[in-house]
Amino acid sequence: MKLLTKASYSGEVTQREKENLQVAYQAACEAMVLLKNDGVLPLRTKKVALYGPGASMTIKGGTGSGEVNERHSVTILEGLEDRGFEVTTHQWIKDFEKSYAEAEAAYKEEKRKRINLLKPNAIMQMLFDNFRAPVGRAITEEDVAASGTDTCIYVLSRQAGEGGDRRAEKGDMFLTDEEAASIRLCAEKYAHFLLVINCGSAIDMAFTREIPGIGGILFLCQLGTEGGHAFADVVSGAVTPSGKLSDTWAKQYSDLPFAEEYSYLNGNLTDEYYKEGIYVGYRYFDSFGVEPAYPFGFGLSYTTFRLHSAGVSAEGSRVTVKAVVTNTGDTYTGKEVAQLYVSAPAGTVPKEYQSLAAFGKTGDLAPGERQTLELTFDLKNLASYRGSDYVLEPGDYILRLGNSSRNTVPVGVVMLGQECVVSRHDHICPPVKPLEELSAPPRRPEAVPVGLPRLDMDPACIETVTYTYETPAVCPGEEVQKFLSTLTLEDMVEIVVGNGMQGGVTRFNLPGSVGNTTSRFWDRGLANVALCDGPAGLRIQKRSGVNKRGKVKPIDMPLSIYEFLPGLLKKFLMGDPNRDTVIYQYTTAFPVANALAQTWNQELMYRIGTAVYREMKEYGCTYWLAPAVNIHRNPLCGRNFEYFSEDPRLSGMMAAAITRGVQQEEGFYVTVKHFACNNQEDNRNFVSSNLSERALREIYLRGFEICVREGGAKSVMTSYNKVNGIYSPNSHDLCTKALRNEWGFDGVVMTDWFSTNKGQASSAIAMKAGNDLIMPGGADFKKEILEGVRSGLIQQEDVRRCCANVVKSIFASAIQREYIG
């Protein structure tokens, strides 16, 4: 069989690669958040002492499916030296690299002993713990003296990833004693001390109030391939930081609601109770009067800005605030984010103090320059879920403009004279276990400043939408129907079950794709298409070897966990660059989703999406398994780096912008994941997320809804976990009633990988629920679906409906157009 691949036979750097690196660099520059600056930044010298685990082993992103196999990622050490800095602590760094290599080797050896490759799902099980790097030897006064500078940077790093949650212990959420001692010494001995946090999400910040002399704190997050260059340009002053937090950072972990009940902490990994209800992140801190270390939306700059409103207007139910942003500094150019929050009237439905309604980011503003941003939102999006209706209660809706959730001023009031029902729904995902939710204290009446613009909203402009819940029809397209008419039940089952994760026979071959649809019908006019991991970029194989028989094998490890395989097995699986023909696929590692959210820049997110689309088109990827829009419910979630924010609107709007960039040409699809409530990783295959329907709809589904309705997402991936006792792939309420009946989704729903293994969700019931594609595939999944039809558990029409959705998607793909016509 002739090898069909779009990989390159040249390893040269392409123009596309250079251009995408510029997009990654811009995103990295805008993603960093300056948390504290007592005159440390910009640095006054280019001679610096550099310490910490993240100095030369900077973490670019999390582990697991969210990895990216880029050509090269720039570390902080490398970035500083590339930009002309003199780093004077190379001996400490060399000592650290030696201890790192020793610790990593010991970890790999220990993990190899624990891996049983004879067990099903062994590869997925290998994800379930991460290497914890050493912190390095103690920094001494001799190190300080030898550094010959008064300026120090310490890079504190943490790693997390798929399959396990972070730990509420020293070395993860908290500092180790050794880290605390090193930071204390550096803060005392160096006149200018900058602490850099290289972690995918928040850490406990109590130590920063206990250790004097920390003059600056920069949340680097995990910035992908260009992170080191971006860092050097920010600390030098060549770029002014403009990132804003996408989460609230607590003063200490225990300040979070039900902090000690999260995931493994209470000993119950079977049921996770979302007792905080809608009070997640700033909704909790602002409603309950808890002072954070750093509020949602916070971030400092090298310059100062003034925000004021130039007017409030409404057209129908859509409200616009004109926000004027002025750079009031005298030295630095910079960007600012205008954030609009709304406080809904206190009525019969308990509500958060305020919620984010709209936001916008300026371009670069020189000192004295100003820009007007139009911040527009639909009042209907602020409705509260009561009973089975979304309602807007009568009263004053106070508009608050500012640059963080804790730094706003009222700029207008929208008055609604009567209650309006926005939409009527069927109930979905009813709780099956008792759940006692947190209740906010009564909100005291608020005196609105005199003279604010007041708009009377006409209730007539808010028409009630009543949803109906019919079973979706089988795709009526003539081409799809004609193809379906040629298929037996067994044929349809072949199409709705993937072709395997590794080594499946495929006609079109994208090396490193994490899955494919079947090739069995290629000669009958249906191509196979490739599915590739995200969301920090397109994760595919960067170098592969094609042997004389046309077999493609990886030369570089496709996932970091493969490093733990026994040597003989790796030799069998891997290609030989000295004997095989080498083919190349270089993609870009962008900042992780949490960092991207911190840019608050939707235009930049569209450019990120466009960059990913270019790589998908170049190498032949049809489904990109991203973006991920699960909520940052707790900073210990192992995959928070992959998710955008604690806020569903910020998450949804950023994801929707990326989606529009990826899907700008027909036949290239995002796959929004993990639908839904995948907010912890420990025991993710069996845990039930137990929550109220209101919290589910207002917080945990809202980002998905925005990405589908406003972004036009064409594919959705269900999650491993249960929602109120029902596995997500088997939830008709999620896959059909919410997604298709209410949001109008008409694409493909697929499972996460191996989520219908024995003892988990049912592949057969997934067909009935509206989960169209079972991934990555296997004979047992096909057998279960066939038996489900024959036993009457499901109907053949269920399989036919799912098959039609998959066929429709493939027929519209670029691979189908290129190879089948």
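If you're wondering where the values come from, they're calculated on a predicted model, not measured in any experiment.

S.K.: How should the overall build of the protein chain be read in this particular structure?
M.R.: Across its full length, the protein chain carries 22 helices and 32 strands. Its C-alpha atoms give the protein chain a radius of gyration of 26 Å, near enough to 28 Å, the size a compact globule of 821 residues would have. Along the three orthogonal principal directions, the C-alpha set of the protein chain runs to about 75 × 75 × 50 Å. In the protein chain, which comprises 821 residues, the share counted as buried stands at 64%. The long-range share in the protein chain, meaning contacts at least 24 apart out of those at least 6 apart in sequence, stands at 79%. For the protein chain, the exposed area adds up to about 29600 Å²; of that, 49% sits on carbon and sulfur atoms. When the 88 positive and 99 negative side-chain charges of the protein chain are each reduced to one mean point, those points stand 4 Å apart.

S.K.: What exactly am I supposed to notice about the pattern of salt bridges here?
M.R.: Once their charged atoms are close, side chains differing in charge can pair, the charge on each being opposite to the other. Evaluation of the coordinates by the stated rule reveals 59 salt bridges. For the salt bridge of R158 with E179, the shortest nitrogen-to-oxygen distance reads 2.8 Å. Of this pair, R158 sits in the loop between β4 (151–157) and α6 (177–189) while E179 sits in helix α6, and the two are 21 residues apart along the sequence. Comparing R158 with E179 shows no difference in burial state: the two are buried.

S.K.: Help me understand the sheet that holds strand β32 (residues 748–750), please; the structure alone is not making it clear to me.
M.R.: What holds strands together in a sheet is hydrogen bonding between their backbones, with the strands either parallel or antiparallel. Strand order across the open sheet formed by three strands is β27-β29-β32, with parallel pairing between neighbours. Since the sheet does not close on itself, it has two edges, and those belong to β27 (672–675) and β32, each with one partner. Between one strand and the next, the sheet's axes are offset by a mean angle of 25°, whatever the strand orientation. Where strand β29 (residues 715–718) lies against β32, three bridges are found, and the strand directions are parallel. Looking across to β32, one finds that S715 is bridged to V748.

S.K.: Whenever I open this one, the side chain of R158 confuses me. Can you help?
M.R.: The exposure class of R158 is buried, given its relative accessible area of 7%. A polar atom in the side chain of R158 sits 3.1 Å from the backbone oxygen of G171. Contacts of R158, omitting those with residues within four sequence positions, involve I59, G171, D172, F174, L175, T176, E179, N198, C199, I203 and Q222.

S.K.: Which parts of the structure should I look at to understand the environment of A259?
M.R.: Mapping A259 onto the fold places it in the loop between α8 (227–236) and β7 (271–273). For A259, a relative accessible area of 5% gives the class buried. With residues near it in sequence (within four places) discarded, A259 still touches Y253, S254, L265 and N634.

Basis of the calculations
Residues numbered from 1 in each chain as written. Predicted model: local features only at pLDDT ≥ 70, side-chain atom pairs only at ≥ 80, totals over all residues. Heavy atoms only, no water. Helix = DSSP H or I, 4+ residues; strand = E, 2+ residues; numbered from the N terminus. Rg over C-alpha atoms; globule rule 2.2 N^0.38 Å. Buried < 20%, exposed > 50% of the residue type's maximum accessible area, 1.4 Å probe, protein only. Contact = heavy atoms within 4.5 Å. Areas by Shrake-Rupley, 256 points an atom, 1.4 Å probe, with all protein chains shown as cover. Lys, Arg positive; Asp, Glu negative; His and termini not counted. Charge placed at Lys NZ, Arg CZ, Asp CG, Glu CD. Salt bridge = Lys/Arg side-chain N within 4 Å of Asp/Glu carboxyl O. Pairing = 2+ DSSP bridges. Axes fitted to C-alpha atoms, helices over the stretch in contact; angles between N-to-C directions. Polar contact = N/O pair within 3.5 Å; in protein donor to acceptor, adjacent residues only side chain to side chain.

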